[in-house]
Amino acid sequence: MQKSLFIVLEGGDAAGTTTHSHLLKGFLEGKGFKVHLTQEPSQSKIGKLLREFLKNKDIPPTTDALLFAADRNLHYKIEIKNKLEEGFIVISDRYIESSIVYQSIQSHEISVEWVKEINKFVGLPDITIILDIDPKIALARKEDEDLEKFEDTSFLDKVRNLYLQRAKQEGYYIISSDAIIEFVQEKIQKIIIDKLKNMS
Ligand code: TMP
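These figures come from a predicted structure and were not determined experimentally. (Residues numbered from 1 in each chain as written. Predicted model: local features only at pLDDT ≥ 70, side-chain atom pairs only at ≥ 80, totals over all residues. Heavy atoms only, no water.)

This brings us to the nonpolar core. Membership of the largest hydrophobic core comes to 21 residues, with the highest contact counts inside it found for Ile-7, Leu-28, Ile-89, Ile-129, Ile-188 and Ile-192. Elements with a contribution of two residues or more to this core: β1 (5–11), α1 (17–30), β3 (89–93), β4 (127–132) and α8 (181–199). It is α8 that contributes the most residues to this core, six residues altogether. Those residues in contact with Ile-7 that sit more than four places away from it in its chain are Leu-24, Leu-28, Ile-89, Val-90, Ile-91, Ser-92, Ile-127 and Ile-192. Judged by nonpolar contacts, the second largest core, of 14 residues, contains Tyr-76, Phe-88, Ile-96 and Ile-110. (Core = buried A, V, L, I, M, F, W, Y, C linked by side-chain atoms within 4.5 Å. Buried < 20%, exposed > 50% of the residue type's maximum accessible area, 1.4 Å probe, protein only. Helix = DSSP H or I, 4+ residues; strand = E, 2+ residues; numbered from the N terminus. Contact = heavy atoms within 4.5 Å.)

Written out as structure tokens, the structure is:
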């Protein structure tokens, strides 16, 4: 029977987590694996509220942090956990590290420890891959009118630095996402294939 694996792709805005999650799903399915692709904010009502709040600069960072934690709690308990138990490879486009990074840099009231505490009821990924990109390159890929509240260069510089610091501390994989998509995807696939080989 296929063993489950919980993979998370993380990175600053426009780093390509969504594109690469989809490509990875296709690749793994092509190899015969059962794959469940999901993302955060999730499809739940809390996730939809969070998508609205991403357009609203007046929402306090503490409110965002609590709602992201609630969304994740529901997402894990009613979806991710079940899929893992059924033997799927689960790929989540963003997870806890997004909260640790994005919420903690916005307010002195929010520490990394507190974000971990409010997220302590969910399972952790087996593999976290950080897609690292220069925010100037990332934002040049987007139209100005589509920008959400976190999408400005100086904010995303802080996001990038904290992701890199967290990756060093936690031993996450870091892949430069400045390169062409095929090249980045190949590196992601190699990490996952090596992990799957080591599991069998
Ligand atoms: P995305 O759909 O491009 O991934 O955008 C989601 C946005 O939400 C992105 O700016 C990161 C932000 N976010 C947080 O601030 N905290 C979180 O916990 C998550 C999952 C996302």
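Let's shift gears to empty space enclosed by the protein. Within the structure shown, the criterion is met by one cavity of 30 Å³ or more. Volume-wise, the largest cavity comes out at about 90 Å³. Forming the boundary of the largest cavity are 14 residues, of which Gly-12, Leu-131, Ile-133, Leu-156 and Arg-160 lie nearest the centre. Those elements that place two or more of their residues in the lining of the largest cavity are β4, α6 (135–140) and α7 (153–170). (1 Å grid on protein atoms, 1.4 Å probe; cavity = no way out; pocket = protein on both sides within 12 Å on 5 of 7 lines; lining within 4 Å. Points joined across faces, edges and corners; volume = space filled by probe spheres on them.)

Once that is clear, we can look at the pairing of β1. A large share of β1 lies buried, amounting to seven of its seven residues. Here β1 shows a buried face lined by Leu-5, Ile-7, Leu-9 and Gly-11 and a second buried face lined by Phe-6, Val-8 and Glu-10. Bridging between β1 and β3 involves five bridges; their strand directions are parallel. Bridge pairing links Leu-5 to Ile-89 in β3. Where β1 and β4 come together, five bridges link them in parallel fashion. Considered in β4, the bridge of Leu-9 is made with Ile-129. (Pairing = 2+ DSSP bridges.)

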